[in-house]
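Overview (structure and organization)
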Amino acid sequence: MTTQPILLSQEEIEALRKEVGRSSLMGRTIEAHRKEVDAFMALPLDVPGHGEAGGYEHNRHKQNYTYMNIAGRLFLITQEKKYATFVKDLLNWYADKYLTLDYQVQKNTNPTGRLFHQILNEHGWLLFTSIAYSCVASTMTQEERDRIIERVFIPMIEMSTEKYAYRFDHIHNHGVWAVAAVGACAVAINRPEYLEMAVYGKDREATSGFLDQVSNLFAPSGYYLEGPYYSRFTIRPLVLLAEIIHRHMPEVDIYNYKNGVVGNTVQALLATAYPNGVFPALNDASQSMGINDAGVQVAVGIYGAHYELDDNILGMAKIQGGVWMHPCGLKLSQAYEKAQAEREIGLPYWPSMELAEGPNGDQGAQGFVRMQDNSGDVTQLVMNYGMHGMGHGHFDTLGITFFNRGQEVLREYGFCRWVNVEPKFGGRYLAENPGYARQTIAHNAITIDETCQNDFDVDRADSVSGTPHFFQVNDEKLKGMSAFANEHYDGFGLQRSAFLLTLDELEAPLLIDLYRIKGEGEHQYDYSHQYQGQIIRTNFEYETFKTLESLGSDAGYQHLWKIGAGEANDTALVSWLQNNTYYTWLGTSSNNNGEVIFTRTGANDPSFNLRSEPAFILRSKGETSLFASVVETHGYFNEEFEQSVNARGKVNNIKVLGHTDTASAVEIETEQSLVTLLLSNDANASETSNNEIIINDKTYNWTGFYSVEIQAIPQETV
């Protein structure tokens, strides 16, 4: 008996073979993979035992499956036997050793495998090694195949479906890896009953198996509730198993399942990325993951082959500089080559997009607003008003991030973890992750009374979500979104509305941020801004402290050094330089008791686990309050050539005219314009609603969610 490659037909292999030596994206990919694998094959083979999460053993097992996966396909494409020999030799070694290894000692909540400290990694090994095995199985004897199947693959499948059955059917990114690994292995070793189990669940229960994974983890919009970082991690097993199902269970019609949720998921992930290709660090996340990830490359290939090959997908291939070494990747490569011969393929430009959350798309959303300035630079505003994100969720509903000129300006901290850095708690999540990174104060949001949203209770947080108010992006001059979060702090209603406004006198879109809190009795509100760079100036006096103390004792405050503070009862101004660009924030609240506090992470951090990062907080005390601010992007600085241009912004002031349960009104003054922004606070408002607010005997009327009036300020003539 021979086994055929589970992801390639003979005709497809021959088509890929024609790309060897060509300068196409596929040709360059094949050559790059050959160099990578040849370099690794030059090293002595090794199948080590147990080790720490980020130690040599862990990394070597990961390298083994990574290069086996590539080498298997290289053997088929190049017909060079050395690649098959490499895979067979490693598999035989694993067959010798796997069952001699006991399960590792459990050090966290994740169950362990024989090779890795958690079975999540074991599933990665099984998925990619199964694909590699299917590529070279025809070169092996029946005895060799049986030995690997009996001593490696079947024990791994049984571990997944029996010993850890509760994880196999878990609706979670770990569950996606589990079913993908078992499904791939099932086809590779001709055990269709396990493929059925992977697709429909071990016991075909209501919430189990791959189809239920994609139905419950991913909203109809395609958004993954744990955020882009984990969507990037989950997308690879998801699309690989989808392709396997497409080829071996065509009756499922997987690419049309649930209105094309697989394609929607790929599209949603790509649409979250910043203009530089990095994914916003929503929930537990690295600040460095982006569209060049290998899993994203696979997903782009599958999307292009089974859904749409538009210019954004071609632009993605251009950025990635290669394609998935597979027939889906070949289709993308050929489309790119044809299009490039006709015109210049630009970089992808995703439109503004609101991605609804929840299995039925009715549990809040994530908003991504983009606006391009005259130079072509894209400003991106992100706001979270969706679901919590399960065990990896952060407590920052209505938090925002802001990006332009190639950098994140109002920043996300991301997770507190040193991935695969063994001395840092084995590369696992550190105590400071729940202690600081996941707390509300660690985000660009408002913290009430130095506590965390939902009292840092995951079950409670998972039971509520934000409520979208509006998402309006058709006006090229003013784009914005608004949402409520009325169940996240007991006794408080929260509404945040964020806009990008283009004014001819400003270099880049102006961020306008209105955050309203409805509550009874006096409370402390901390309106926090995480930034990077050097403070340039303020418009208020402040004191810096020679003796540092933490800002508080709990909810993340214990990890913040209080390094400076000053009263700011009127509009406060903080300007800073980040790389080559100046940013100026002006902010105020409807209370007349403001204080700006400058902080830096690192307090109560004896192991130096936290990055030392600055923030400033506008603190105000009151009952129902409206906070209003703007961030202006301006100027240019070049230290090498000692150049500084437009170091002072053109926005002079922002003030709250008034606010009620019905509406809010603010006024923004620049050097040349007076901007009046009127906003509906009525959750039942619509685009046709008539609104009214009376302020100081002046009546303001408008129709719809908001209105903006821009008046020119007369300029003095000389």
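Residues numbered from 1 in each chain as written. Predicted model: local features only at pLDDT ≥ 70, side-chain atom pairs only at ≥ 80, totals over all residues. Heavy atoms only, no water.

Under an unreviewed UniProt entry, the name given to the protein chain is Chondroitin lyase, and the organism recorded is Vibrio astriarenae.

1. Some words on empty space enclosed by the protein
For the coordinates displayed, the defined rule picks out five cavities of 30 Å³ or more. The computed volume of the largest cavity comes to approximately 60 Å³. In this structure, the largest cavity is lined by N110, P111, Q118, I119, L120, H123, R167, H174 and A178. Elements with a contribution of two residues or more to the lining of the largest cavity: α5 (119-136) and α8 (173-188). Per-element tally for the lining of the largest cavity: the top contributor is α5, with three residues. Y223, L282, N283, Q366, N384, M387, D396 and E412 are the residues that line the second largest cavity. In the lining of the second largest cavity, the residues fall into three nonpolar, three polar and two charged. (1 Å grid on protein atoms, 1.4 Å probe; cavity = no way out; pocket = protein on both sides within 12 Å on 5 of 7 lines; lining within 4 Å. Points joined across faces, edges and corners; volume = space filled by probe spheres on them. Helix = DSSP H or I, 4+ residues; strand = E, 2+ residues; numbered from the N terminus. Nonpolar A, V, L, I, M, F, W, Y, C, P; charged D, E, K, R; others polar.)

2. With respect to the sheet that holds strand β3 (residues 378-385)
Spatial ordering of the open sheet is given by β1-β2-β3-β4-β5, a layout of five strands whose pairing is antiparallel. The open sheet has two free edges, formed respectively by β1 (353-356) and β5 (407-410), since each of these has just one partner strand. Neighbouring strand axes in the sheet, compared pairwise and without regard to direction, differ in orientation by 20° on average. Relative to strand β4 (residues 400-404), β3 is paired through four bridges, and the arrangement is antiparallel. Its bridge partner being in β4, M383 is matched across the sheet by I400. Packing of helix α12 (residues 257-272) onto the sheet brings it into contact with β1, β2 (365-372) and β3, and relative to β2 it is tilted by some 55°. (Pairing = 2+ DSSP bridges. Axes fitted to C-alpha atoms, helices over the stretch in contact; angles between N-to-C directions. Contact = heavy atoms within 4.5 Å.)

3. Focus on unusual backbone geometry
Phi angles above zero are rare outside glycine, and N259 is one such case at about 55°. Assignment of secondary structure puts N259 in helix α12. According to the relative accessible area criterion, N259 is exposed, its value standing at 73%. Phi at E642 is positive, roughly 55°, even though this residue is not glycine. Looking at the secondary structure, you find E642 in the loop between β20 (636-638) and β21 (643-645). For E642, a relative accessible area of 74% puts it in the exposed group. (Buried < 20%, exposed > 50% of the residue type's maximum accessible area, 1.4 Å probe, protein only.)

4. Describing the packing of aromatic side chains
Pairs of aromatic rings are described using the distance from one ring centre to the other and the angle between the two planes. All told, the structure shown has 35 aromatic pairs when counted by the stated rule. A centroid spacing of 5.9 Å and a plane angle of 80° characterise the contact between F415 and Y429, whose relative ring orientation is edge-to-face. One end of the pair, F415, is in the loop between β5 and α16 (432-437); the other, Y429, is in the loop between β5 and α16, and 14 residues separate them in sequence. Relative to F598, the ring of F540 lies with its centre 6.3 Å away and its plane at 20°, an arrangement referred to as stacked. Residue F540 is found in the loop between β12 (534-538) and β13 (543-550), and its partner F598 is found in strand β17 (residues 595-601); the two are separated by 58 residues along the sequence. Of the two residues examined, F540 and F598, each falls in the buried class. Here the aromatic cluster, defined as three or more aromatic residues joined through ring pairs, consists of Y65, F128, W177, Y229, Y230, F233, F415 and Y429. R114 extends its terminal NZ or CZ atom over the ring of Y98, reaching a point 5.6 Å from the ring centre. (Phe/Tyr/Trp six-rings, centres within 6.5 Å; stacked < 30°, edge-to-face > 60°. Lys NZ or Arg CZ within 6 Å of the ring centre and 35° of its normal.)

5. Some thoughts on the nonpolar core
Counting 129 residues, the largest nonpolar core has W125 and F153 as the members making the most contacts within it. At twelve residues, the largest contribution of residues to this core is made by α8. Here this core spans two domains, since at least three of its residues come from each of domain 1 (218-341) and domain 2 (354-712). Counting residues in hydrophobic clusters, the runner-up holds 42 residues, among them V409, Y489, V596 and F627. (Core = buried A, V, L, I, M, F, W, Y, C linked by side-chain atoms within 4.5 Å. Domains from an automatic or database assignment.)

6. Some details on the packing of helix α2 (residues 25-41) against helix α4 (residues 81-97)
With their axes 12 Å apart at the nearest point, α2 and α4 run at an angle of 55° to one another. Accordingly, the angle class assigned to the pair α2 and α4 is oblique. For α2 against α4, the interelement crossing comes out left-handed. Residues R34, V37, D38, F40 and M41 of α2 form the contact with α4, whose own contacting residues are K82, Y83 and F86. (Parallel < 35°, antiparallel > 145°, perpendicular 65-115°, else oblique. Left-handed = near helix turned anticlockwise from the far one by under 90°.)

7. So, the environment of E337
On the secondary structure map, E337 appears in helix α15 (residues 327-342). With 312 residues separating them along the chain, E337 and L25 place their C-alpha atoms 7.9 Å apart.

8. Quick notes on the domain arrangement of the protein chain
A common way to express how large an interface is: the accessible area buried when the components associate. Looking at the protein chain, the domain boundaries give domain 1 (218-341) and domain 2 (354-712). Each of domain 1 and domain 2 has a C-alpha centre, and these two points are 31 Å apart. Each partner contributes residues to the interface: domain 1 has 25 residues there, and domain 2 has 36 residues. Together domain 1 and domain 2 conceal approximately 2400 Å² of surface at their shared face, both sides included; 56% is due to carbon and sulfur atoms. Area buried by domain 1 at its contact with domain 2 is led by Y274, D284 and Q287, which between them contribute 26% of it. For the interface between domain 1 and domain 2, the tally reads zero salt bridges. Inspection of the domain 1/domain 2 interface yields 17 residue pairs in polar contact (both at pLDDT 80 or more). (Buried area = accessible area lost by both parts, 1.4 Å probe. Salt bridge = Lys/Arg side-chain N within 4 Å of Asp/Glu carboxyl O. Polar contact = N/O pair within 3.5 Å; in protein donor to acceptor, adjacent residues only side chain to side chain.)

9. Describing the pattern of salt bridges
Tallied over the full model, the rule gives 27 salt bridges. A salt bridge links D38 to K82; the nearest nitrogen and oxygen atoms lie 3.3 Å apart. Of this pair, D38 sits in helix α2 while K82 is found in helix α4, placing the two residues 44 residues apart along the sequence. The shortest N-O distance in the salt bridge between R343 and D311 comes to 2.5 Å. With R343 in the loop between α15 and β1 and D311 in helix α14 (residues 311-320), this pair connects stretches of sequence that are 32 residues apart. A relative accessible area of 41% means that D311 is categorised as partly exposed. When salt bridges with common partners are traced through the structure, they connect R34, D38, E80 and K82 into a single cluster.

10. Comments concerning the side chain of N64
Mapped onto the elements, N64 comes out in helix α3 (residues 56-78). Separated by 2.9 Å, the side chains of N64 and Y94 make a polar contact. For N64, the contacting residues outside a window of four places in its chain are F40, D46, V47, L90 and Y94.

11. Observations regarding the sheet that holds strand β23 (residues 663-670)
Taken in spatial order, the four strands of this open sheet run β22-β23-β24-β27, and their pairing is antiparallel. Among the strands making up the open sheet, the edge pair consists of β22 (651-659) and β27 (706-712). Sheet twist, expressed as the average angle between the axes of neighbouring strands with direction ignored, equals 15°.

12. Observations regarding the pairing of β4
Extensive coverage of β4 is indicated by the burial of five of its five residues. Alternating residues of β4 divide into I400, F402 and N404 and T401 and F403, and every residue in both groups is buried. Note: β4 against β5, three bridges, orientation antiparallel. The partner of F402 across the bridge, within β5, is L410.

13. Digging into the UniProt feature "domain: Heparinase II/III-like C-terminal" (unreviewed entry) in the protein chain
Here the UniProt feature "domain: Heparinase II/III-like C-terminal" (unreviewed entry) sits at residues 366-624. Along residues 366-624 the backbone is 4% helical and 46% strand, and the end-to-end C-alpha distance reaches 26 Å. (UniProt positions renumbered as here; feature names shortened; annotations may be inferred.)

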